[in-house]
Amino acid sequence: MLTAAFTRTQSSRSVAWRAGQRSIATRGATKPSKAKPKPKPQSQQQSQSQPQSQSQSQPQSQSQSQPRPQVGHKRDELQQIPETEKPFTGYFDAVRDIIRMPVTTADPNIPSKRVTAEYCSAHFKQTPRNVSMLTRDFISDSLYNPAYGYFSKQALIFSPKRAYDFGSFRDSADFLGTVGRQYEEMECELDDVRNIPRQLWHTPTELLKPWYGRSVARHIVRQHKADCAARHSDDPLVIYEMGGGNGTLMADILGYVRDEEPAIYARVKYNLIEISAKLARKQLGRQFEGVRIVNKSILEWNERVDEPCFFVAMEVIDNFAHDVVRYDYETGEPVQAFVRVYDDGELEELYEPVADPLIKDYLSARAALPGAAYRSPALPPALYRRLRQQLPLAPNLTRREFIPTQAFQLCRVLRDWFPRHRLVLSDFYQLPDTVPDAVDAPVVQTRFDGNMVPCETYLVQPGWFDIFFPTNFELLKRVYDATCRRDAAGADDRRQSRVCTQREFAQDNAELERTRTRSGENPMLEFYENNKFLLS
Ligand SMILES: C[S@@+](CC[C@H](N)C(=O)[O-])C[C@H]1O[C@@H](n2cnc3c(N)ncnc32)[C@H](O)[C@@H]1O
């Protein structure tokens, strides 16, 4: 359900401030960069009309031998419209002069090498050509490649210089106005300095500091005390935070423990696991003793932590790459997608039978979940599929489903390396402007000429676009419980996790009087209403 905060707009801005948006887009000061982002188009429809007899053992192309349509077109429409007269629809209207159909010179006969994101990080300083990779590798590489990935060159986290005095604002709109102005100033500064339009993320940790971090600290301390009482122990409080950004959450959690629980603070151990070297250096600069910073991806973690600990992850898993599967209409069997990068940089999505071990394991784990069987919304009931098969030009594959293979990997890391952890994870469960006609689809967007430009495909030039996903929390909870919350004999243990909304979490843990505006509106409750928590 969309809420007032979710759809709130600022009249002076061309683009709405939305809790689901990572960046407040502003008009004005930026000039078009010389290095323009070029979204690459992708057909939503083409593979659906492939002959049903096509062998599943051969890779299936999304756009073999067909003209590559512009985003937003259906294939049938395109066939009837001469190339020059195609109407342009969709989000790109605003920037149609710069985003055009590329004229491909790709030679599909040049063989492509199968690579992974790790391989690209180690071997390529520029986006590779004549390669193919699984969708999650393509997305991971686009976001995280140290040479050209989006994080290494584009994204920064907005942090107001001082914490806001919420009582001084008339209402939430007044607060938003101030934040928006500061945000715009910072964007302009960055653009002036770098001459490329960089994107600024805003997170609840930063906008609602220190009160957001303190609410997380309160939850952790309460749970820690209850656990110590139940164990009749006096264990120190141990926290692992992944993706610490500017280090603000760490500072606010430790600040709370220092001020409110000095006895616990005396023995607290705080660890940050951060993939970005730049952000890890920033975290080092925060003045807290005893904090350990590990500069690596959590997905490469290999150090066993046997003591009870809290594992904190705020706004990190939305960038965890997903894979794409589609289902054979006739058999219901999934096929996995991979991305082919041609010699001219053109991108194409192709399909093959599921062979990747991680995709296989995720699909098996999901199929074996205890309780009600999970049914993919991408896969219509068998009777419907049979009837549809009788129609002319019936598709042979269902629509796409993005499956959270890296979030599943995180569950395994927690199971294997943090066996006695409690989880505090928060992220988006709903986002506007996701890639259409797909299940659990991401938002793909970039900042151009002061505006956020969302795309209708993830097949975009690597490094220029943020790609982030809403999390299906109810499904993640089931997968997490099945992976991490079993005892040695495989039975469910009693410490099952729970999901709650940002509002519910704040009502339980936040010092709400500190974030109330004069009208009574409270950003801690009303903003980020599209966020949920997974707590164990
Ligand atoms: C959107 S920022 C959120 C920062 C902070 N948690 C906050 O709420 O302000 C995402 C953070 O996660 C980090 N990150 C992303 N993927 C990661 C991974 N696989 N392992 C560790 N850190 C990661 C990013 O570098 C960044 O610091």
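Here the structure is shown first, and the text comes after it.
Computed from a predicted structure; not experimentally measured.

Asker: Please explain the packing of helix α8 (residues 211-231) against helix α9 (residues 248-260) as it appears in this structure.
Answerer: How two helices sit against one another is set out by the angle between their axes and by the gap between those axes. Close contact between α8 and α9 brings their axes to 8 Å; oriented N to C, the two are set at 55°. Here α9 runs oblique to α8, going by the angle between their axes. Where α8 crosses over α9, the handedness of that crossing is right-handed. Residue-level contacts link Tyr-212, Gly-213, Arg-214, Val-216, Ala-217, Arg-218, Ile-220 and Val-221 of α8 to Leu-249, Asp-252, Ile-253, Tyr-256, Val-257, Asp-259 and Glu-260 of α9. Broken down by class, the residue content of the contact of α8 with α9 amounts to 9 nonpolar, 1 polar and 5 charged.

Asker: For this particular structure, what's the right way to read the pairing of strand β11 (residues 334-341)?
Answerer: Two faces make up the sheet, and in a regular strand the side chains alternate between them. Of all 8 residues in β11, 7 are buried; the element is thus mostly enclosed. Pairing of strand β3 (residues 131-134) with β11 involves 4 bridges; the strand directions are antiparallel. Each residue of the ladder has a partner; that of Leu-134, found in β11, is Phe-338. Pairing geometry for strand β10 (residues 323-327) and β11, over 3 bridges, is antiparallel. By the bridge assignment for β11, Val-325 is matched with Gln-336. The antiparallel hairpin formed by β10 and β11 contains 6 residues in its connecting segment, where Gly-332 sits at a positive phi of about 80°. Sheet topology note: the β11/strand β12 (residues 347-353) ladder contains 7 bridges and is antiparallel. The residue of β12 that forms the bridge with Val-335 is Pro-353. Taking the residues between adjacent antiparallel strands as the criterion, β11 and β12 are bridged by 5 residues, where Gly-345 takes a positive phi near 90°.

Asker: Before we go on, may I ask you to explain the site of the ligand in this structure?
Answerer: By nearness alone, 19 residues border the ligand, and Tyr-144, Thr-203, Gly-243, Glu-274 and Met-314 come closest of all. Gly-245 places a main-chain nitrogen or oxygen 3.1 Å from an oxygen atom of the ligand. Out of a free accessible area of 600 Å², the ligand has 98% covered by protein chains. The residue inventory of the shell around the ligand, partitioned by class, reads 10 nonpolar, 6 polar and 3 charged.

Asker: Where do I start with the pattern of salt bridges in this structure?
Answerer: Opposite charge on two side chains lets them pair, provided their charged atoms get close. For the coordinates displayed, the defined rule picks out 21 salt bridges. For Arg-267, the salt bridge goes to Asp-234, with nearest N and O atoms at 3.3 Å. Pair noted here: Arg-267 is in the loop between α10 (262-265) and β7 (269-273) and Asp-234 is in the loop between α8 and β6 (238-242), with a separation of 33 residues, a long-range link. Close ionic contact of Glu-529 with Arg-503 constitutes a salt bridge, the shortest N to O distance being 2.9 Å. With Glu-529 in the loop between α17 (523-526) and β20 (531-535) and Arg-503 in helix α16 (residues 502-509), this pair connects stretches of sequence that are 26 residues apart.

Asker: Sorry, what's going on with the nonpolar core here?
Answerer: Of all hydrophobic cores here, the largest spans 45 residues; its most connected members are Val-216, Ile-220, Ile-253 and Val-424. Here this core takes 7 residues from α9, the largest share from any one element. Beyond its immediate chain neighbours, meaning those up to four positions away, Ile-220 contacts Leu-237, Ile-239, Ile-253, Phe-310, Val-312 and Val-424.

Asker: Teacher, can you tell me more about the environment of Tyr-458 here?
Answerer: Structurally, the position occupied by Tyr-458 is in the loop between β17 (451-454) and β18 (466-468). Residue classification places Tyr-458 among the buried positions, given a relative accessible area of 1%. Separated by 13 residues in the primary sequence, Tyr-458 and Gln-445 have C-alpha atoms spaced 9.2 Å apart. A distance of 3.1 Å separates the side chain of Tyr-458 from the side chain of Thr-135, its partner in a polar contact. A polar contact of 2.5 Å, which involves the side chain of Tyr-458, links it to the side chain of Glu-349.

Asker: I tried to follow the sheet that holds β6 on my own but got confused; where do I start?
Answerer: Whenever strands of a sheet pair, they do so through backbone hydrogen bonds, lying parallel or antiparallel. Overall, mixed pairing links the 7 strands, which are arranged β8-β7-β6-β9-β14-β20-β19 in an open sheet. Among the strands making up the open sheet, the edge pair consists of β8 (291-294) and β19 (498-501). When strand polarity is set aside, the average angle formed by the axes of neighbouring strands in this sheet is 15°. Each of β6, β9 (309-314), β14 (421-428), β19 and β20 touches α8; the most contacted strand, β9, lies at about 155° to it.

Asker: Explanation requested: the sheet that holds strand β16 (residues 443-448) in the structure shown.
Answerer: One open sheet accounts for 3 strands, arranged β17-β16-β18; its pairing is antiparallel. Single-partner strands in this sheet number two, and they are β17 and β18. Looking at each pair of strands side by side, their axes are set apart by 30° on average, direction ignored. Relative to β17, β16 runs antiparallel, the two being bridged by 4 bridges. Of the residues in β17, the one forming a bridge with Phe-448 is Asn-451.

Quick notes on the rules
- Residues numbered from 1 in each chain as written.
- Predicted model: local features only at pLDDT ≥ 70, side-chain atom pairs only at ≥ 80, totals over all residues.
- Heavy atoms only, no water.
- Axes fitted to C-alpha atoms, helices over the stretch in contact; angles between N-to-C directions.
- Helix = DSSP H or I, 4+ residues; strand = E, 2+ residues; numbered from the N terminus.
- Parallel < 35°, antiparallel > 145°, perpendicular 65-115°, else oblique.
- Left-handed = near helix turned anticlockwise from the far one by under 90°.
- Contact = heavy atoms within 4.5 Å.
- Nonpolar A, V, L, I, M, F, W, Y, C, P; charged D, E, K, R; others polar.
- Buried < 20%, exposed > 50% of the residue type's maximum accessible area, 1.4 Å probe, protein only.
- Pairing = 2+ DSSP bridges.
- Near = heavy atom within 4 Å.
- Polar contact = N/O pair within 3.5 Å; in protein donor to acceptor, adjacent residues only side chain to side chain.
- Areas by Shrake-Rupley, 256 points an atom, 1.4 Å probe, with all protein chains shown as cover.
- Salt bridge = Lys/Arg side-chain N within 4 Å of Asp/Glu carboxyl O.
- Core = buried A, V, L, I, M, F, W, Y, C linked by side-chain atoms within 4.5 Å.

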